[in-house]
Amino acid sequence: MSETIPAELASARGTIDNIDAALIHLLAERFKCTQRVGHIKADLGLPPSDPGREAEQIRRLRALAEDAGLDPVFAEKFLSFIVEEVIRHHVATAEQRQSD
Ligand SMILES: C=C(O[C@@H]1C=C(C(=O)O)C=C[C@H]1O)C(=O)O
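Small disclaimer: the values here were computed from a predicted structure and weren't measured.

What counts, and at which threshold
- Sequence order as written defines residue numbering, which begins from 1 separately in each chain.
- The predicted nature of this model means local features are confined to residues of pLDDT at least 70 and side-chain atom pairs, given and counted, to a pLDDT of 80 or more, with totals for whole chains, interfaces and linings taken over all residues.
- Working from all heavy atoms in the structure, the side-chain values ignore hydrogens and water.
- Helix numbers and strand numbers start at the N terminus; a helix is a DSSP run of H or I with at least 4 residues, a strand a run of E with at least 2.
- The globule rule used here is 2.2 Å times the number of residues to the 0.38 power, and the radius of gyration it is set against is calculated over C-alpha atoms.
- Working definition: with a 1.4 Å probe on protein chains only, accessible area under 20% of the residue-type maximum means buried, over 50% means exposed, and in between means partly exposed.
- Residues are treated as being in contact if the distance between any of their heavy atoms lies within 4.5 Å.
- The criterion for a residue being near a molecule or strand is simple. One of its heavy atoms has to lie within 4 Å of it.
- In the analysis that follows, any N or O atom pair within 3.5 Å is treated as a polar contact, provided that within protein one partner can donate a hydrogen and the other can accept it, and provided that, for residues neighboring in sequence, both atoms belong to side chains.
- Surface accessibility in these figures is a Shrake-Rupley result with a 1.4 Å probe; residues are shielded only by whichever protein chains are displayed.

Caption draft 1: Region of the structure containing the overall build of the chain. Across its full length, the chain carries three helices and zero strands. Going residue by residue from the N terminus, the α and β elements of the chain occur as α-α-α. Here the C-alpha radius of gyration of the chain, 19 Å, is well above what a compact globule of 100 residues would show, namely 13 Å. Seen through its principal axes, the chain has C-alpha atoms that stretch 60 × 35 × 20 Å. When each of the 100 residues of the chain is scored for burial, the buried share is 14%. Across the chain, contacts joining residues at least 24 apart in sequence account for 63% of those joining residues at least 6 apart.

Spelled out as structure tokens, the structure:
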């Protein structure tokens, strides 16, 4: 089915695609950084998760979201989704270290 997309819609979608690409690159850099943290923790025998640090991040990101006009509940859910994955990686890194 061929349909003509209005120029304004195509332009908005182009911006969405650019933002999504930026998000993917930002997430990739964040995960490279948390991977380093995972190795440091494994070296030092620190636990994979740090609930105190997470509470501080939630407080900070909720405030940033409110200032930016983003739903703070969504911001917290988004952070928790990412942190859950990071902790899974940290557990795997620690287990790998123990079996080496
Ligand atoms: C990256 C860390 O490990 C975990 C993951 C966090 C994150 O992804 O921001 C924050 C706290 C920790 O539960 C850390 O301790 O800094």
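Caption draft 2: Region of the structure containing the site of the ligand. In the vicinity of the ligand there are 14 residues, among which Arg30, Lys41, Asp50, Glu54 and Gln57 approach most closely. Arg30 places a polar side-chain atom, nitrogen or oxygen, 2.8 Å from an oxygen atom of the ligand. Within the side chain of Gln57, an N or O atom sits 2.8 Å from an oxygen atom of the ligand. Within the complex, 91% of the 360 Å² of free accessible area of the ligand lies under protein.

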